[in-house]
Amino acid sequence: MAGDRAEEEEGEAPPPEARAAAAVERVAAAVEAVAAGAGAGAGEYRNAYRRHAARAVLERDSVMKKFQGVILQLEQALCDIPYNELDISDEVREQVELVHAQLKRAKERIDMPDDEFYNDLLSVYDKNYDPSAELAILGRLSEKLHLMTITDLTQESLALHEMVASGGGQDPGEHIERMSMLLKKIKDFVQTQNPDMGPPMASRVLDSNGDSRPITIPDEFRCPISLELMKDPVIVSTGQTYERACIEKWIASGHHTCPTTQQKMSTSALTPNYVLRSLISQWCETNGMEPPKRSTQPNKPTPACSSSERANIDALLSKLCSPDTEEQRSAAAELRLLAKRNANNRICIAEAGAIPLLLSLLSSSDLRTQEHAVTALLNLSIHEDNKASIISSGAVPSIVHVLKNGSMEARENAAATLFSLSVIDEYKVTIGGMGAIPALVVLLGEGSQRGKKDAAAALFNLCIYQGNKGRAIRAGLVPLIMGLVTNPTGALMDEAMAILSILSSHPEGKAAIGAAEPVPVLVEMIGSGTPRNRENAAAVMLHLCSGEHHLVHLARAQECGIMVPLRELALNGTDRGKRKAVQLLERMSRFLVQQQEEQESQSQASAQVPENDIPEQLDSPASQYPMVV
């Protein structure tokens, strides 16, 4: 700019309007720089407390230099405007001069950076702080970064995902990794300091008194993208689980990498995570929350069979309608194999109208035909759209008939079919209300190892619905489960403990379990079981110790030495196991204090015997005692 002015002095001076226009152009150029390269850093710094704050603070030196450069350009451009030679109002001139004066002061002043903020960030990143000071540091960072609420944390999490996505699947770099770690620490801090916060970090439920109480949602039940409780968890090709709506939006935006691992997804196919969905439903039931409802998904186009394949399927369906038992049996067997082979076959067979025909064969007097038919239905039910067709066709009573009266293989496959259908929440009610649970309990007691496993899986799914728990308990499920828990071979131990955990939340289940003298087994399981079995054993104990006979169970648990394994579980268990262990430790501590107070009270009472309570035989003649002179 000094060069520009030197050239103007040597030649003829341009008119004021031209000089003003040139100055305005330079102002515009400076403003444009703010929106482009240099100003992008400045914009980040100004918005440091809302998005990407930590990264901007770590890059404070370069960002401040960019700010100073932009201020210099703006101040110099305004300096060149010939106010006296322009026909402008006094008000406009005053405003421009005010801005100019502010820029001039800003040019001469260098703001002192927030060293405390900077040092707090570095100490958390480098993990070189005193552990006792961690809460204070995280409190300052949470406040200065304006990450104080659920909305703030959710927006920052989404912003971080967008930042990673903008890298096109490349290495996110050290800054991103540090920011992710910092966000996790602040999230945990905010949850700890504000237990009453709403979703996604916590939710609220009504207790037995009608009072609202906070409840923390386990991390594994929250979508990594939205941080909310998942309603329809699905698995992507990298093995990570997300809420369906969130990951579909991610993929629809053109992303081909996994948001969590940044690995390239080999396919955009999404696999429903039925196990996690059942666990979420179980957790909701246990904590008095209504299980989340999945959003209705639009029907997706399915690949059509070739004409030859469809002709073969139609021919098999014709044989199913034949009065010849041999033809029915062979056709059902072939459909069973076709449905087992691949997903396309399952779709085509169902579309051809096979489900009602197969159902009609479940009442066949030929046990082999019945077995092929129920197994074909099992294979068809693997495809989720077919589940609705099977249920709507009124299949459950016929499947239960096979479960009760078929060959052992047919009964086991009928149990597996009910398990497959019961992953849909609304079908749990239908299946439980049509007599399936007592038949499954019988199979659990007398089936082969595979049959018992299928029966246990179906019973677990069905008992997630509160209304089915009483049916299972009245059908004698608790003694069978306790037998599996104490079985020295350990067969079906995982399934048995999972079922015991959900039954213990029911009043009848709590009473039935308590009557089976379970405390020694549960204490041993808490101490030496698998991580999942330890948490389930702690959950059962917690329910028993909050029931009608809680003092009996607490005393028995103390006799069995529960405190040591509980403390270890509270330190090293799963997230759910830690929570249950801490709650149990609190109950045990209160019980022990109460016991001690009662003992001290009894001791004091015995030490202060009233005079009139002294037995008469102590009032003997003095001659019987030595005389003190």
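Numbers given for residues are sequential positions, taken from 1 along each chain in its written order. The predicted nature of this model means local features are confined to residues of pLDDT at least 70 and side-chain atom pairs, given and counted, to a pLDDT of 80 or more, with totals for whole chains, interfaces and linings taken over all residues. As a rule here, side-chain values come from all non-hydrogen atoms in the structure, and water together with hydrogens is ignored.

Looking at an unreviewed UniProt entry, the protein carries the name RING-type E3 ubiquitin transferase, with the source organism given as Oryza sativa subsp. indica. In its Catalytic activity (unreviewed entry) section, UniProt records this for the protein: "S-ubiquitinyl-[E2 ubiquitin-conjugating enzyme]-L-cysteine + [acceptor protein]-L-lysine = [E2 ubiquitin-conjugating enzyme]-L-cysteine + N(6)-ubiquitinyl-[acceptor protein]-L-lysine." Taken directly from UniProt, the Pathway (unreviewed entry) text for the protein runs: "Protein modification; protein ubiquitination." UniProt positions are given in the numbering used here, feature names are shortened, and annotations may be inferred rather than shown by experiment.

1. Considerations on the overall build of the protein
For helices the rule is a DSSP run of H or I covering at least 4 residues; for strands it is a run of E covering at least 2, with both sets numbered from the N terminus onward. Looking only at helices and strands, one finds 32 helices and five strands in the protein. Taking as baseline every contact in the protein between residues at least 6 positions apart, the subset at least 24 positions apart corresponds to 66%. With an accessible surface of roughly 32400 Å², the protein has 52% of that area assigned to carbon and sulfur atoms. Note on contacts: a residue pair qualifies if any of its non-hydrogen atoms lie within 4.5 Å across the two residues. Calculation of accessible area relied on Shrake-Rupley with a 1.4 Å probe; when residues are assessed, cover is drawn exclusively from the protein chains displayed.

2. Details of the packing of aromatic side chains
Stacked, tilted and edge-to-face pairs are distinguished by plane angle, under 30 degrees for stacked and over 60 for edge-to-face with tilted covering the rest, among Phe, Tyr and Trp rings (Trp via its six-membered ring) whose centres lie within 6.5 Å. For the structure on display, the rule yields one aromatic pair. With centroids separated by 5.9 Å and ring planes inclined at 70°, the aromatic side chains of Phe221 and Trp283 adopt a geometry described as edge-to-face. Linking Phe221 in the loop between strand S2 (212-216) and strand S3 (233-235) with Trp283 in helix H12 (residues 274-286), this pair joins segments that are 62 residues apart in sequence. Trp283 shares its class with Phe221; the two are buried. The buried label goes to any residue with under 20% of its type's maximum accessible area, the exposed label to any with over 50%, and the partly exposed label to all in between, with areas taken from a 1.4 Å probe on protein chains only.

3. Some points on unusual backbone geometry
A positive phi angle, close to 60°, is found at Leu492, a residue other than glycine. The class of Leu492 is buried, set by a relative accessible area of 7%. Non-glycine residue Glu517 carries a positive phi angle of around 50°. Assignment of secondary structure puts Glu517 in the loop between helix H27 (507-515) and helix H28 (519-528).

4. A word on helix H25 (residues 477-485)
Of all the residues in H25, the buried ones are Leu477, Val478, Ile481, Met482, Leu484 and Val485. End-on view of H25: buried residues confined to an arc of 155°, all on one side of the axis. Where H25 is buried, its residues touch helix H22 (436-446), helix H23 (449-463), helix H24 (466-474), helix H26 (493-503), H27 and H28. Directions are taken from the helix axis to each C-beta atom, and the arc is the one they span.

5. Examining the sheet that holds strand S4 (residues 241-243)
Strand pairing requires that DSSP identify at least two bridges connecting the strands. Spatial ordering of the open sheet is given by S4-S3-S5, a layout of three strands whose pairing is antiparallel. In this open sheet, the two edge strands, each paired with only one partner strand, are S4 and strand S5 (271-272).

6. Details of the nonpolar core
Among the buried residues, those of types Ala, Val, Leu, Ile, Met, Phe, Trp, Tyr and Cys that are joined through side-chain atoms within 4.5 Å form a nonpolar core. The biggest cluster of nonpolar side chains holds 98 residues, and the ones touching the most others in it are Leu358, Leu440, Leu477, Ile481, Leu500, Met541 and Ile562. Counting residues per element, this core draws most heavily on H26, at eight residues. Other than its neighbours up to four places away in sequence, Leu358 contacts Leu320, Leu335, Ala373, Ala376, Leu377 and Leu380.

7. A word on the side chain of Arg277
Of note, Arg277 is situated in helix H12. For the purposes of these results, a polar contact is taken to be a pair of N or O atoms within 3.5 Å, where, inside protein, one atom must be able to donate a hydrogen and its partner to accept one; residues adjacent in sequence count only when each atom of the pair is a side-chain atom. There is a polar contact of 3.1 Å between the side chain of Arg277 and the side chain of Asp232.

8. A closer look at the packing of helix H17 (residues 367-380) against helix H20 (residues 408-421)
To define axes, lines are fitted to C-alpha atoms, for helices over the stretch in contact only, and angles between the resulting N-to-C directions are given on a 0 to 180 degree scale. One way to put it is that H17 packs onto H20 with a least axis distance of 9 Å and a crossing angle of 20°. Taken together, the axes of H17 and H20 are roughly parallel relative to one another. Considering how the two elements wind past one another, H17 and H20 form a crossing that is left-handed. Of the residues in H20, those touching H17 at Arg368, Glu371, Val374, Thr375 and Leu378 are Glu409, Ala410, Asn413, Ala414, Ala416 and Thr417. Three categories are distinguished: nonpolar for Ala, Val, Leu, Ile, Met, Phe, Trp, Tyr, Cys and Pro, charged for Asp, Glu, Lys and Arg, and polar for the others, with Gly belonging to the last. Across the contact of H17 with H20, the residue classes tally to five nonpolar, three polar and three charged. Between 65 and 115 degrees an angle is taken as roughly perpendicular, under 35 as roughly parallel, over 145 as roughly antiparallel, and anywhere else as oblique. Note: crossing handedness is left-handed where the near helix turns anticlockwise from the far helix by less than a right angle, and right-handed where it turns clockwise.

9. Here we look at the pattern of salt bridges
Each reported salt bridge corresponds to a side-chain nitrogen of Lys or Arg within 4 Å of a carboxyl oxygen of Asp or Glu. Scanning all chains against the criterion turns up 19 salt bridges. A salt bridge links Arg450 to Glu412; the shortest N-O distance between them is 3.1 Å. One end of the pair, Arg450, is in helix H23; the other, Glu412, is in helix H20, with 38 residues separating them in the sequence. Under the relative-accessibility criterion, Glu412 is labelled buried at 4%. A salt bridge links Glu508 to Arg474, with the shortest nitrogen-to-oxygen separation between them at 2.9 Å. On the criterion of sequence distance, the pair formed by Glu508 in helix H27 and Arg474 in helix H24 is long-range, its members being 34 residues apart.

10. A short note on H17
A helix is expected to span 1.5 Å for every residue after the first. Under the 1.5 Å per step criterion, the end-to-end length of H17 is 20 Å for 14 residues, consistent within 8% with the ideal 20 Å. Along H17, the residues classified as buried are Thr369, Gln370, Glu371, His372, Ala373, Val374, Thr375, Ala376, Leu377, Leu378, Asn379 and Leu380. Lining the buried residues of H17 we find helix H14 (325-341), helix H15 (343-351), helix H16 (354-360), helix H18 (384-392), helix H19 (396-405) and H20.

11. Describing the side chain of Asn468
Inspection of the secondary structure puts Asn468 in helix H24. By relative accessible area, Asn468 is classed as buried at 0%. In terms of polar contacts, Asn468 uses its side chain to reach the backbone carbonyl oxygen of Leu462, at 2.9 Å. The residues touching Asn468, leaving out its near neighbours within four places in the chain, are Lys428, Gly432, Ile437, Leu462 and Cys463.

12. Considering the packing of H25 against H26
Between H25 and H26, the shortest axis-to-axis distance is 9 Å and the interhelical angle comes to 140°. The angle between the axes of H25 and H26 places the two elements in the oblique class. Of the two possible hands of crossing, H25 and H26 adopt the one that is left-handed. Between H25 and H26, the contacting residues are Leu477, Val478, Ile481, Met482, Leu484 and Val485 on the first element and Met493, Ala496, Met497, Ile499, Leu500 and Leu503 on the second. Residues of the contact of H25 with H26, tallied by class, amount to twelve nonpolar, no polar and no charged.

13. Thoughts on the environment of Glu134
Secondary-structure assignment places Glu134 in helix H8 (residues 134-144). A residue is classified by how much of its surface remains accessible, and Glu134, at 25% relative accessible area, is partly exposed. In the structure, Glu134 is positioned 14 residues away from Asp120 in sequence and 9.6 Å away in space, judged by C-alpha atoms.

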